[in-house]
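Structure assessment
One letter stands for each residue in the lines below.
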Amino acid sequence: MENVTNDRATRWSKVFTFLIVAFPVLDIYAVGMKGISIGSLLLSAALVGIGINFLTKRHSVKWNPYYAFFYYGIFISFFTILIHNDFSVSDVIVRLTYFLFYTLLIFMPSKYDFNINYAGKIYMTIGLIAGLFLLLQYICFFGMGYMLVGLIPGMPLNYSITDYSDWIDKYNNMYLAVFRPTSFFPEPASFSQFMTPLLVMTLFSKIGENRRLLKAAFISLVMVLSTSTNGIIFSAFAWGGIYFIGTFLELNADIFLF
């Protein structure tokens, strides 16, 4: 019975870990109400499962200094509603709901619910697929004159442009001036924001230990090809950092040997 419970816990940990890592992609698409994404909906379901697991195992709750910030956030939100007449109560409630959701997401899961090694593998896999898809967009555009779109057709977007057709019109017009591939993100900046931590982790940790520099070079290449200014700058800083650290360690080694 204990083995069955451990197997279920392991499967649950992998599901929760996958949702956390894939959240930037899942959060692109909206469902029903404004501001509610597929990612937040799935994570809400995951939190329910974590909460049930938390209660059945009867974990002891320890005081954390961040709880003070949590209670302050709730108090100041309601206080703001009382003293301002021109506030939109619905907007405050939506923001407060998001605040509560992400606070629970941070504090409720235990160290057993998030598998960091599995997260690294999933992150690398999604990142490499996103990069390969961006290269495919280049090949389609310059080789066949075809604009390959990475978003799911017809799906409502959790973005400044909520309608898929409006998003297509905007980027069709933009491509007339310059080609800016987005992979399966709504804009190049979103793609680079997702890839930047992966580049840093690949260069400075063991997440991409197998052919680490080759993977880091590929990630940097697709970040530059996305034409995102932030992506280009962060990529340069990351490689500058690894060069500086390598030089520093080499100098220290020479001094030690001397």
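Throughout, residues of each chain are indexed from 1 in the direction in which the sequence is written. With the structure being a predicted model, the display of local features is reserved for residues of pLDDT at least 70 and the display and counting of side-chain atom pairs for 80 or more, all residues being used for whole-chain, interface and lining totals. Values shown for side chains rest on all heavy atoms present in the structure; no hydrogens or waters enter the calculation.

**Concerning the nonpolar core**
Stated precisely, the cut-off is as follows: We call a set of buried residues a nonpolar core when its members are Ala, Val, Leu, Ile, Met, Phe, Trp, Tyr or Cys and they connect through side-chain atoms within 4.5 Å of each other. Residue exposure (1.4 Å probe, protein chains only): buried if accessible area is under 20% of the type maximum, exposed if over 50%, otherwise partly exposed. Elements are defined by DSSP. Helices are runs of H or I of four residues or more, strands are runs of E of two residues or more, and each kind is numbered from the N terminus. Two residues qualify as a contact provided that any one of their heavy atoms is within 4.5 Å of a heavy atom in the partner residue.
If you look at the biggest cluster of nonpolar residues, it comprises 48 residues, and the most contacted ones within it are Trp-167, Phe-185 and Met-195. Elements with a minimum of two residues in this core: helix 1 (2-26), helix 2 (38-57), helix 4 (89-107), helix 5 (116-144), helix 6 (164-175), helix 7 (188-204) and helix 8 (212-225). Take this core: its biggest share by element is eight residues, from helix 5. Residues within four places of Met-195 in sequence aside, it is in contact with Gly-127, Ile-219, Val-222 and Met-223.

**So, a nonpolar patch on the surface**
Note the threshold: The patches described consist of residues with a relative accessible area above 30% and no salt bridge, like charges being joined within 9 Å and nonpolar side chains (Val, Leu, Ile, Met, Phe, Trp, Tyr) within 5 Å. Computed with the Shrake-Rupley method and a 1.4 Å probe, the accessible areas treat only the protein chains shown as cover for residues. The rule for a salt bridge is simple: a side-chain nitrogen of Lys or Arg has to be within 4 Å of a carboxyl oxygen of Asp or Glu.
A grouping of Leu-136, Ile-139, Met-144 and Tyr-146 is seen on the molecular surface, where their side chains present a nonpolar patch of about 430 Å² in accessible area. Relative to the helices and strands, Leu-136 is located in helix 5.

**A look at unusual backbone geometry**
What you tend to see is this: most non-glycine residues have negative phi, and most peptide bonds are trans. Phi angles above zero are rare outside glycine, and Ser-183 is one such case at about 60 degrees. Summarising the element assignment, Ser-183 is placed in the loop between helix 6 and helix 7. With phi around 65 degrees, Thr-227 is a residue other than glycine that occupies positive phi space. Mapped onto the secondary structure, Thr-227 falls in the loop between helix 8 and helix 9 (229-257). For Thr-227, a relative accessible area of 26% corresponds to the partly exposed category.

**Remarks on the confidence of the model for the chain**
Reading predicted coordinates in detail is not appropriate for stretches of low pLDDT. Here is the rule we go by: The pLDDT score gives, residue by residue, the confidence of the prediction method on a 0 to 100 scale.
Of all residues in the chain, 70% attain a pLDDT of 70 or more, and the chain-wide mean is 78. The low-confidence segment residues 1-5 (pLDDT under 50) makes zero contacts with residues lying over four places distant or belonging to another chain. With pLDDT under 50 throughout, residues 251-258 is counted as low confidence; its partners more than four residues away or in other chains account for zero contacts.

**Digging into the packing of aromatic side chains**
Just so we agree on the cut-off: Working definition: rings of Phe, Tyr and Trp (its six-membered ring) pair if their centres are within 6.5 Å, and the pair is stacked with planes under 30 degrees apart, edge-to-face with planes over 60 apart, and tilted otherwise. Whether a charge sits over a ring comes down to the Lys NZ or Arg CZ being within 6 Å of the ring centre and within 35 degrees of the ring normal.
As enumerated under the stated definition, the model contains eleven aromatic pairs in all. An angle of 65 degrees between the planes, with centres 6.1 Å apart, marks the rings of Phe-185 and Phe-191 as edge-to-face. Geometry around Tyr-118 places Lys-14 over its ring, the cationic atom sitting 5.4 Å from the centre.

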